[in-house]
Each structure stands twice: as C-alpha cells, then as structure tokens.
Amino acid sequence: HAVDPEVFQGAYFAFRRVTDQLNSLKGLGVEIDSSPLHVCPICSPRPDEGDPYAVSLAMDAVNKCSHLAHAGNDMELKPYIHNFFGKGEQEVADLEKKGCLDSIKSFKQHTSLLEGDDLEVSNCGSRLRCAREGSKATTIYDVNGLLGATCAHGFALPDLFCNMRRSENFTFYLVLLKHIVKECPSVKHVYIDFGCRLAKTWTWYLQALDKELPPSAVDLRIMVNWMHAASHDMSCQLENSGRFQKDAGFVVGEQSEQLWAMTKDPSSLMRCMTLQNRHDSVECLLSDINDLKLARLVLVLKAKMDSMHKKLAELDQCLDGIQAESNAAGIHDLHAAAQEFLGTQFAVSPT
C-alpha cells in the first residue's frame, strides 16, 4: 500500500518527540532541574547541591544552516517539534515583525540612549565581521543561519537557539543572554568570539531591563574564547580572553564550533526545505547530536570509574603487603609508627 506522506510525517515527528523524551536524562529517571542545562549530566544542577564550579556556556552563529528564500514557506505547515527553538526564537520572530532586528534600532527602543551615543567602547583593533552594524543580509536567504548556546561539554541547550533573520548582530545575542540569566542562574561565564565588544552593550542592556532580570544577571561575565581571541590585539586578549581571566578555569570556550562542524553535512539539504520542515530537521539534528554525546559521555565516565576502581584495588593490595611486613616486624599500628618516625626526624611535632 502507498504511504500517505502527511500521515507518515506526523507519525514520524511524534515518534521523534517520544524517543527524545525517553532518551533524555529525565526519561532515564535522573532527578534534574528544568533549566536548559538539564541535557548535560555534569552541568545540570542537582537538588540541594551547591555550585562546585562556575558553569560556563559558549555562544556562536553559523551560516551553513541557512535557508534559501525561494525554497518556500508553506503557511499551512506547522513545525512539530519545539525543543531547541523556544522563547528566544519567538522573541526574535516578534522583533522581525516589528522591524527591530537591527541591533542599535532595537536597543534604543529599550533605553534612554540618544542618537549618536556610542556603544562601541572596546579598544580592540581586530576586524570582527559579526560585530559590525553595517553588514547587510543578502536577499538570497530569508534565514541567514543559526545562533545558539552550548554548555562547556558541547551539549546543545534547549530553548537557547534562534534563526538569524538578518546578518549576525548583537540583537540575537542580547535576546538569548536575557533568557540565559533568567533560566540558568548557575551560569557565570559566557564565551563569545566578539565578547570584548558585546560586554559593554550587555551592561547597558541590563540597565534598560533592570526590573525584568534577576539580580544575579550583573554577575554574568562575557569573555572571548581562546582560539578566536588569538586574532585579537594582545591587550584585548589579556583583558577579555578566558585564558587569562581569574576563576575561568581551563575552559577553551570553542564548544559551539564543534557543534557546527557536526551540522555541515545536512545543512545543504536544509536550506532547500520549506521553513517548517527545516525547523523540525534542525530540532532532530541537535537532538541526535546530544544523544550521541550523552552515550559517549556515559562510556567515558564508566571507563574512568573502572580505572579508578582498578587503581584502588592496586593500592589496597600494596597496603596489605605493607601491613603484612609490619606485622612480621612486630609493628601493628602503622599510623602510630609513622608519627613516631616523623617525631624523630623533625624538631617540632608534625601535628
């Protein structure tokens, strides 16, 4: 019998929604929070557990996952899956309808800044294409690419992706950053390749939306990821690169680049789909990437645990041998014997 394409499409995406829920940490019975970080078993906050380290995210855009304007936009079709495209995507769509996707134009609508006020305060002399307000979108594409956030372990974060309906600019980042500070209070560091220029604009944005954002929003640090920082002025690197910042740890901040590399093969097909089918395809792709990472992470953690147990067994065996030798020598309390030995070697008590 011939398969009805419409019935098959609806059944397939219903299957994808169910499998995504079953394969998630929550579906596996892990007690997690409801923030976008829940997809990562390491970054996800646990109940009654403090923050062991500063949680960090990486944000970036990619042009490969674009959409050709002539490919079509069937208004009767509706996307089936809404996991990674969430509140941020909806806000970007609303800004497009209002004609406010230009960074400065939309920003000045939320602030008391006057025309001519300078938001560009960075002394960095590097040419950053994504940070230039004058870049224009081509009419060939109605979606110029994809912008989103990943955790420090490379997991794509739900609700923190949006389509770029214009050339890459500050607006997309400001919208997603606003949702990050609202929904992920444990996040302290965000890595962006032109963070040296966005940081001050974010400060102005916080002042404009003071009543809408939690007090912890002022503690968010925007830094430049390591590889991209290498193309910045040395003075900018020392001031903004995560490599030289206190408490940043050994976080490279290039996780988004790894994610985009995994979207390369299907992107040429996605740009020729209808907008609605492209939406669902991106959702499925990001979900599959996360599932793959989760499976690998479980294997890595299991291998590490097995290695630790093996090492502990070796140490216990060595300790048993030492204990047997000491018993044969008439020494039954190793700790007391060690303290007595130290006391004979040092003028002051080791305690």
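Coordinates for the structure precede this section.
Residues numbered from 1 in each chain as written. Predicted model: local features only at pLDDT ≥ 70, side-chain atom pairs only at ≥ 80, totals over all residues. Heavy atoms only, no water.

Asks: It is not clear to me how the side chain of His279 should be interpreted in this structure. Could you clarify?
Replies: Looking at the secondary structure, you find His279 in helix 10 (residues 275-328). With sequence-adjacent residues up to four places away left out, His279 is seen in contact with Pro79, Ile81, His82 and Phe85. (Helix = DSSP H or I, 4+ residues; strand = E, 2+ residues; numbered from the N terminus. Contact = heavy atoms within 4.5 Å.)

Asks: Sorry, what's going on with the nonpolar core here?
Replies: Within soluble globular proteins, side chains that are nonpolar tend to cluster in buried spots. Ranked by size, the top nonpolar core spans 45 residues in total, and within it Met59, Leu147, Leu177, Val187 and Trp202 carry the most contacts. Contact partners of Val187, with chain neighbours within four places excluded, come to Leu37, Val55, Leu57, Ile180 and Leu220. Cys65, Met270, Val282 and Ile289 belong to the second largest nonpolar core, which has 14 residues in total. (Core = buried A, V, L, I, M, F, W, Y, C linked by side-chain atoms within 4.5 Å. Buried < 20%, exposed > 50% of the residue type's maximum accessible area, 1.4 Å probe, protein only.)

Asks: I would appreciate a short explanation of the environment of Val62 in the present structure.
Replies: You can see Val62 is positioned in strand 1 (residues 55-62). Look at Val62 and you get buried, because its relative accessible area is 5%. In the structure, Val62 is positioned 199 residues away from Ala261 in sequence and 9.5 Å away in space, judged by C-alpha atoms. Sequence-distant contacts of Val62, defined by excluding residues within four places in its chain, comprise Asn144, Gly145, Leu146, Met164 and Trp260.

Asks: What exactly am I supposed to notice about the sheet that holds strand 5 (residues 156-164) here?
Replies: Sheet strands pair by backbone hydrogen bonding; their relative direction is either parallel or antiparallel. With respect to topology, five strands assemble into an open sheet ordered 5-4-1-6-7, the strand pairing being mixed. Of all the strands in the sheet, just strand 5 and strand 7 (221-223) have a single pairing partner and so form its edges. Each strand axis lies, on average, 20° off the axis of its neighbour in the sheet, ignoring direction. Pairing of strand 1 with strand 4 (residues 145-151) involves six bridges; the strand directions are antiparallel. Pairing of Ala58 across the sheet is with Thr150, part of strand 4. Its contacts with the sheet put helix 10 on strand 4 and strand 5, and the angle it makes with strand 5 is roughly 145°. (Pairing = 2+ DSSP bridges. Axes fitted to C-alpha atoms, helices over the stretch in contact; angles between N-to-C directions.)

Asks: Explain the packing of helix 4 (residues 170-183) against helix 5 (residues 195-208) here, please?
Replies: Any two packed helices are characterised by the angle at which their axes cross and by the distance between the axes. At a minimum axis separation of 11 Å, helix 4 and helix 5 run at an interaxial angle of 60°. When the interaxial angle is binned, helix 4 and helix 5 end up oblique. By crossing handedness, the relation of helix 4 to helix 5 is classed as right-handed. Contacts between helix 4 and helix 5 involve Phe170, Tyr173, Leu174, Leu177, Lys178 and Val181 from the first element and Arg197, Leu198, Thr201, Trp202 and Tyr205 from the second. Each residue belonging to the contact of helix 4 with helix 5 can be placed in one class, and the counts come to eight nonpolar, one polar and two charged. (Parallel < 35°, antiparallel > 145°, perpendicular 65-115°, else oblique. Left-handed = near helix turned anticlockwise from the far one by under 90°. Nonpolar A, V, L, I, M, F, W, Y, C, P; charged D, E, K, R; others polar.)

Asks: Before we go on, may I ask you to explain the pattern of salt bridges in this structure?
Replies: Oppositely charged side chains can form a pair if their charged atoms are brought close together. For the structure on display, the rule yields five salt bridges. Ionic pairing is found between Glu96 and Arg165, a salt bridge with its closest N-O pair at 3.0 Å. With Glu96 in helix 2 (residues 87-97) and Arg165 in the loop between strand 5 and helix 4, the pair connects residues that are 69 residues apart, well separated along the chain. Residue Arg165 is classed as buried on the basis of its relative accessible area, which comes to 15%. The shortest N-O distance in the salt bridge between Glu96 and Arg166 comes to 4.0 Å. (Salt bridge = Lys/Arg side-chain N within 4 Å of Asp/Glu carboxyl O.)

Function cannot be inferred from these measures alone, as they are strictly geometric.
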